[in-house]
Amino acid sequence: MKEIYNLLEQYAYFDGKSYEIFPIQKWNKQTKFLLVMENKKYMIIIDEKTINKYQIRFAKFGDFFKNLVGLKYLSEDGKIILLDYYENGEGKTLSAYQTEEIDNNSIAEEIKKTLDSIHEHKSEFLNVSTRFDCQNWYEFIYSYMKGYLDFVLEQKEIAKEDYGFILALLERNKEYFNNVSLSYLHGDVNEDNVCFIKEKKEVYLIDYDDFLVGDIVYEYARMFQYLHIKAFKILKEKYYPTIEENIIFWIYIFRNQIMGYCFEKANNIDTKNSLNEFNKTLIRLKKMVNEQ
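As the structure is a prediction and not an experimental result, all values here were calculated from the model.

Undergrad: Outline the overall build of the protein chain, supporting the account with residue identities and numerical values.
TA: Looking only at helices and strands, the protein chain has ten helices and ten strands in total. Against the globule reference of 19 Å for 292 residues, the protein chain gives a C-alpha radius of gyration of 20 Å, in line with a compact fold. For the C-alpha atoms alone, the extent of the protein chain along its principal axes is close to 65 × 40 × 40 Å. A total of 292 residues make up the protein chain; the buried ones form 50% of that total. A separation threshold of at least 6 residues defines the contact pool for the protein chain, and within that pool the share at least 24 residues apart is 66%. Accessible surface, the protein chain as shown: approximately 15100 Å² in total, 45% of it carbon and sulfur.

Undergrad: So, helix α10 (residues 272-291): which residues are in play, and what are the values?
TA: Residues that lie three or four places apart on an α-helix share one face, since the helix turns once every 3.6 residues. Taking 1.5 Å as the rise per residue, α10 with 20 residues should run 28 Å; its terminal C-alpha atoms sit 29 Å apart, in good agreement. Taken together, the buried positions of α10 are occupied by S274, L275, F278, T281, L282, L285, M288 and V289. Down the axis of α10, the buried set is contained in an arc of 150 degrees. They therefore lie on one face. Exposed side chains of α10 directed beyond 90 degrees from the buried face belong to K272, N273, I283, N290 and E291. Contacts made by the buried residues of α10 are with α4 (137-154), α5 (160-172) and α9 (247-266).

Undergrad: Explain the packing of α9 against α10 to me, and be specific about the residues and the numbers.
TA: With their axes 9 Å apart at the nearest point, α9 and α10 run at an angle of 155 degrees to one another. Here α9 lies roughly antiparallel to α10, going by the angle between them. Crossing geometry of α9 relative to α10 is assigned as left-handed. The segment α9 lies against α10, with I247, W250, I251, I253, F254, Q257, I258, G260, Y261 and E264 engaging S274, L275, E277, F278, T281, L282, R284, L285, M288 and V289.

Undergrad: Any chance you could break down the nonpolar core for me, citing the residues and the numbers?
TA: Judged by nonpolar contacts, the single largest core of 85 residues is most densely connected at W137 and F254. Tallying contributions element by element places α9 first for this core, with eleven residues. Leaving out residues up to four positions away in the same chain, W137 has contacts with F125, F177, V180, L182, L212, V213, G214, D215, Y218 and Y252.

Undergrad: How would you sum up the pattern of salt bridges? Please name residues and give values.
TA: The tally for this structure, following the rule as stated, stands at 13 salt bridges. Two residues, D103 and K201, come together in a salt bridge whose shortest N-O distance is 3.8 Å. Placement of D103 in the loop between β6 (92-93) and α3 (104-119) and of K201 in the loop between β8 (194-197) and β9 (202-205) is noted, with a sequence separation of 98 residues between them. Using a relative accessible area of 31% as the deciding quantity, one classes D103 as partly exposed. The partner of D162 in a salt bridge is K286, with the nearest N and O atoms 2.5 Å apart.

Undergrad: Quick one: what's the story with the sheet that holds β6, residue by residue and with numbers?
TA: Across the sheet, which stays open at both edges, the three strands sit in the order β6-β8-β9 with antiparallel pairing between neighbours. The open sheet has two free edges, formed respectively by β6 and β9, since each of these has just one partner strand. α3 rests against β8 and β9 of the sheet, and its axis sits at about 45 degrees to β9.

Conventions used here
- Residues numbered from 1 in each chain as written.
- Predicted model: local features only at pLDDT ≥ 70, side-chain atom pairs only at ≥ 80, totals over all residues.
- Heavy atoms only, no water.
- Helix = DSSP H or I, 4+ residues; strand = E, 2+ residues; numbered from the N terminus.
- Rg over C-alpha atoms; globule rule 2.2 N^0.38 Å.
- Buried < 20%, exposed > 50% of the residue type's maximum accessible area, 1.4 Å probe, protein only.
- Contact = heavy atoms within 4.5 Å.
- Areas by Shrake-Rupley, 256 points an atom, 1.4 Å probe, with all protein chains shown as cover.
- Expected span 1.5 Å × (residues − 1).
- Arc of directions from axis to C-beta.
- Axes fitted to C-alpha atoms, helices over the stretch in contact; angles between N-to-C directions.
- Parallel < 35°, antiparallel > 145°, perpendicular 65-115°, else oblique.
- Left-handed = near helix turned anticlockwise from the far one by under 90°.
- Core = buried A, V, L, I, M, F, W, Y, C linked by side-chain atoms within 4.5 Å.
- Salt bridge = Lys/Arg side-chain N within 4 Å of Asp/Glu carboxyl O.
- Pairing = 2+ DSSP bridges.

Don't take any of this as a statement about function, it's just geometry.
Here it is as structure tokens:
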């Protein structure tokens, strides 16, 4: 931790202020830290890759994104970002609750309102990828899918014919991807990124690392992977009861599942469940294609 204190001493923003720093474990890498300064908590980011992601989004989405993430400080040299820490909002993530202890109907409605307020911002495609030079939504989906598929194929966890089937399926639906209306998206709505203030029945989202412009179906595919959360089930049944009939929805689900597999494999986490899930989705996609 000493090197982080030494780093902060280089910036006038921290002069004369008393603060403490604590590591935050995230995705098996300590790339973010909790800074407690003047009785307020902040998230401090010094990891170059993560900072790059935020800088791209600051540049493309401006004040809208800065307000969402609670930007407090960005050093001129781009080596430090300071953000509001979500616990200042008095809420807890849904993963910290037992579902019977909370009003799931209220949470579902508040999630919908929160997402609607983000999705109402329509936009032409904006490339926020740090890995691929994408010019449109189709290229974004294709590039990411192929990148993950290449890794899965290399691990010999998918047959070459299935690899080809998925890429051909993307090509087959290219017109949809190129013409779908695009909106601002949170990009990673899950039980760890939805906070709830029980006393006020308020909901807010955290972790905007994957904020992007894209298809709303992509947002809900990500979210509806976590249907063991009662509020998500309620939202799906009330507003999106037929979404599972949409082949695009399952393409996005598959993309999320192979992404999860790749993350687990890279971090030496057991991939058995991930393999099982994306193989089940692959079977579903083949069935849907045959029925078309």
